[in-house]
Amino acid sequence: MSEVKVILSTPLARFADGETKFQVPAGTFQEVIDKVYERHPALRLRLADGAGALLPFVSVYVGEDNIRDLGTPDIEVPPRTTVMIMSAVAGG
């Protein structure tokens, strides 16, 4: 099976049973993120709004590309690609 590597930032790991790295099947970005949500349902509320759009403070990189710069969730995520999901952390 062809898979992509998902890396979560440490603050998101608490919504993913402590996992910061795991694999899901390759496909379009939308298919990949849906598999992430299937594996860790609590992440959906932390990453996306009710319509499924990524929240403004969430950054997702497919390889070295920010998903927001790619223009569509239908881009293909090839096998062995790394998808990094990060949320902004406030502090002072």
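Here, residues in each chain are numbered from 1, in the same order as that chain's written sequence. At least 70 in pLDDT is required for a residue's local features to be given in this predicted model, at least 80 for side-chain atom pairs to be given and counted, and no such filter applies to totals for whole chains, interfaces and linings, which use all residues. Values reported for side chains reflect all heavy atoms of the structure, with hydrogen atoms and water molecules removed beforehand.

Chemist: Looking at this structure, I do not really get the sheet that holds strand β7 (residues 82-87). What am I missing?
Modeler: For sheets, the rule is that strands pair by backbone hydrogen bonds, running either parallel or antiparallel. When DSSP finds at least two bridges between two strands, those strands are taken to pair. Each helix is a run of H or I in the DSSP string that is no shorter than four residues. Each strand is a run of E no shorter than two, and both are numbered from the N terminus. Pairing within the open sheet is mixed, and its 5 strands lie in the order β2-β1-β7-β4-β5. At either margin of the open sheet sits one strand with a lone partner, and together these are β2 (21-25) and β5 (65-66). In this structure, strand β4 (residues 58-62) lies alongside β7, joined through 5 bridges in antiparallel fashion. Bridge pairing in β7 places S59 opposite M86.

Chemist: Can you walk me through the nonpolar core in this structure?
Modeler: Soluble globular proteins: nonpolar side chains tend toward being buried together. Among buried residues, those of type Ala, Val, Leu, Ile, Met, Phe, Trp, Tyr and Cys that are joined through side-chain atoms within 4.5 Å constitute a nonpolar core. Relative accessibility decides the category of a residue: with a 1.4 Å probe and only protein chains considered, values under 20% of the type maximum give buried, values over 50% give exposed, and everything between is partly exposed. Core analysis: the largest hydrophobic core is formed by 26 residues, its most contacted members being F29, L43 and I85. Looking at this core, the elements with two or more residues in it are β1 (3-8), β2, α2 (29-39), α3 (42-47), β4 and β7. For this core, the leading source of residues is α2, giving 5 residues.

Honestly, that's just the spatial picture; any functional story needs more than this.
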